[in-house]
Amino acid sequence: MTKTDLKSLTNTLTASPSTWHNSPLLSVTQITPSGLALLFSTTQQMRSLVKTRGGDTRLQFKLLASVFYEASTRTSCSFQSAMLRLGGKVLHVDASKSGNTSSSKGESLDDTIRCMECYTDVTVLRHPTKGSVPSVALGGETTKPIINAGDGTGEHPTQALLDMFTIYDELGLSVEETTTTTTGAANESNQDEPLTIVMLGDLKHGRTVHSLAMLLSRSSTNRRIVLRYCSPKSLAMPSYVKEYCNNYEMITQEEVEDIKEAVRGAHVLYVTRVQKERFEKVEDYEEVKGAYVVDTSIMAIAPSNMIVMHPLPRVDEIDTEVDADPRACYFRQMENGMYVRMAILALVLGCP
């Protein structure tokens, strides 16, 4: 790939499958509303495929490099499952400090990825340093598409895409190029009523909420969206995310600290854990851990049609008793992750 920057990729993934073929997926800013519609339509096809046939062989003889410098269960396994469901194969590399790669010998990230490209057709990469994945993908040395599986506290675009698919699927909404219309019984509210999405917990370090807030803001819609942030002051949503969202007239942003106030009139409660691994001092973590807990008492005062989401893993921020509530959709959310990633791999590898 010719050396470039992330800004030059803005709005390059459209309704034309050819724009996805061999393209890196590094940020939600690459995807146009029509591109989102294509992805979600392909995702629905993938779900139907798995439910009826288990998968197919369209990616036979294609090989995925799964390279993770940070721990992962869901992202890693769902990408591997997605590739296998479509007939491909996977080389998984545990590049963490406890892993067995040449990074322990001092090999650079760029060299590791260039080596993996000698064997594979697409790379899924997670790294703890913000901006590292776009840097290696756009540095001019790579030849195969790279998919960002999380770069530190930066972005996690495929998580945001599966989250948004889940929101639309659970609430019975449909994505079109310039419109969003209510079609399902799960959400009986009027189209004129704003869609209120609460983001709760560690919004400072949570790359999932960074990407989701930006994706929702740019998802060209005729329905207003309220992004309501609820966190300790020390873990507030970063200013660069809020400034980005302010560029879209259909978006209203609110900040509250009381969880009971936050869920009032909400359609979505998106919960995040306080990320202990991002804190430099343990005492700073201890001060804010457990700041918010979603339990049955919170669910009792929440709207009857409000769904509860979580990117997982959870620690203690959602009581396990909430799992039995039909509004708790975080495990359905995880299943959707496989379908969305099947769609992404099929599009990027030119086999939608």
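Chemist: Explanation requested: the sheet that holds strand S2 (residues 89-94) in the structure shown.
Modeler: One key point about sheets: their strands pair by backbone hydrogen bonds, in either a parallel or an antiparallel sense. Ordered by their spatial adjacency, 4 strands build an open sheet running S2-S1-S3-S4, and the pairing between neighbours is parallel. For this open sheet the edge positions go to S2 and strand S4 (146-151), each flanked by a neighbour on one side alone. Averaged over all neighbouring strand pairs, the angle between strand axes comes to 15°, with direction disregarded. Two elements, strand S3 (residues 122-127) and S4, share 4 bridges in a ladder whose sense is parallel.

Chemist: Is there a simple way to explain the packing of helix H2 (residues 33-53) against helix H6 (residues 157-171) in this structure?
Modeler: Where H2 meets H6, the closest approach of the two axes is 11 Å, and the angle between their N-to-C directions is 75°. When the interaxial angle is binned, H2 and H6 end up roughly perpendicular. Where H2 approaches H6, its residues Leu36, Leu39, Phe40, Thr43, Gln44 and Arg47 are matched on the opposing element by Leu161, Met164, Phe165 and Asp169. Of the residues contributing to the contact of H2 with H6, the split by class is 6 nonpolar, 2 polar and 2 charged.

Chemist: I tried to follow the sheet that holds strand S9 (residues 251-256) on my own but got confused; where do I start?
Modeler: Across the sheet, which stays open at both edges, the 5 strands sit in the order S9-S8-S7-S10-S11 with parallel pairing between neighbours. Among the strands making up the open sheet, the edge pair consists of S9 and strand S11 (307-309). Within the sheet, the average angular offset between the axes of one strand and its neighbour, ignoring direction, is 20°. With respect to the sheet, H6 is in contact with strand S7 (195-200), strand S10 (268-271) and S11, its orientation differing from that of S11 by roughly 165°.

Chemist: Help me out: how do you make sense of the layout of surface pockets in this one?
Modeler: There is about 290 Å³ of room inside the second largest pocket. Taken together, 16 residues make up the lining of the second largest pocket; nearest its centre are Leu6, Ser27, Thr29, Glu155 and Met214. Of all the secondary-structure elements, those providing two or more residues to the lining of the second largest pocket are S4 and helix H8 (239-245).

Chemist: Is there a simple way to explain the confidence of the model for the chain in this structure?
Modeler: When pLDDT drops low, the exact placement of atoms in the prediction is not to be read closely. Within the chain, residue pLDDT values average 88, and 89% of them lie at 70 or more. Of the regions scoring below 50 in pLDDT, residues 177-189 engages in 40 contacts with residues more than four places distant in sequence or in other chains.

Chemist: Looking at this model, I keep getting lost on the packing of H6 against helix H12 (residues 330-348). Mind explaining?
Modeler: When two helices pack together, their arrangement is given by the angle between the helix axes and by the axis-to-axis distance. Put simply, H6 and H12 touch, their axes get as near as 9 Å, and they point 120° apart. Judged by the twist between their axes, the crossing of H6 over H12 is right-handed. Contact residues: H6 offers Thr158, Gln159, Leu161, Leu162, Asp163, Phe165, Thr166 and Glu170, while H12 offers Arg332, Gln333, Met334, Asn336, Gly337, Val340, Arg341 and Ile344. The residue inventory of the contact of H6 with H12, partitioned by class, reads 6 nonpolar, 6 polar and 4 charged.

Parameters at a glance
Residues numbered from 1 in each chain as written. Predicted model: local features only at pLDDT ≥ 70, side-chain atom pairs only at ≥ 80, totals over all residues. Heavy atoms only, no water. Pairing = 2+ DSSP bridges. Helix = DSSP H or I, 4+ residues; strand = E, 2+ residues; numbered from the N terminus. Axes fitted to C-alpha atoms, helices over the stretch in contact; angles between N-to-C directions. Parallel < 35°, antiparallel > 145°, perpendicular 65-115°, else oblique. Contact = heavy atoms within 4.5 Å. Nonpolar A, V, L, I, M, F, W, Y, C, P; charged D, E, K, R; others polar. 1 Å grid on protein atoms, 1.4 Å probe; cavity = no way out; pocket = protein on both sides within 12 Å on 5 of 7 lines; lining within 4 Å. Points joined across faces, edges and corners; volume = space filled by probe spheres on them. pLDDT = per-residue confidence, 0-100. Left-handed = near helix turned anticlockwise from the far one by under 90°.

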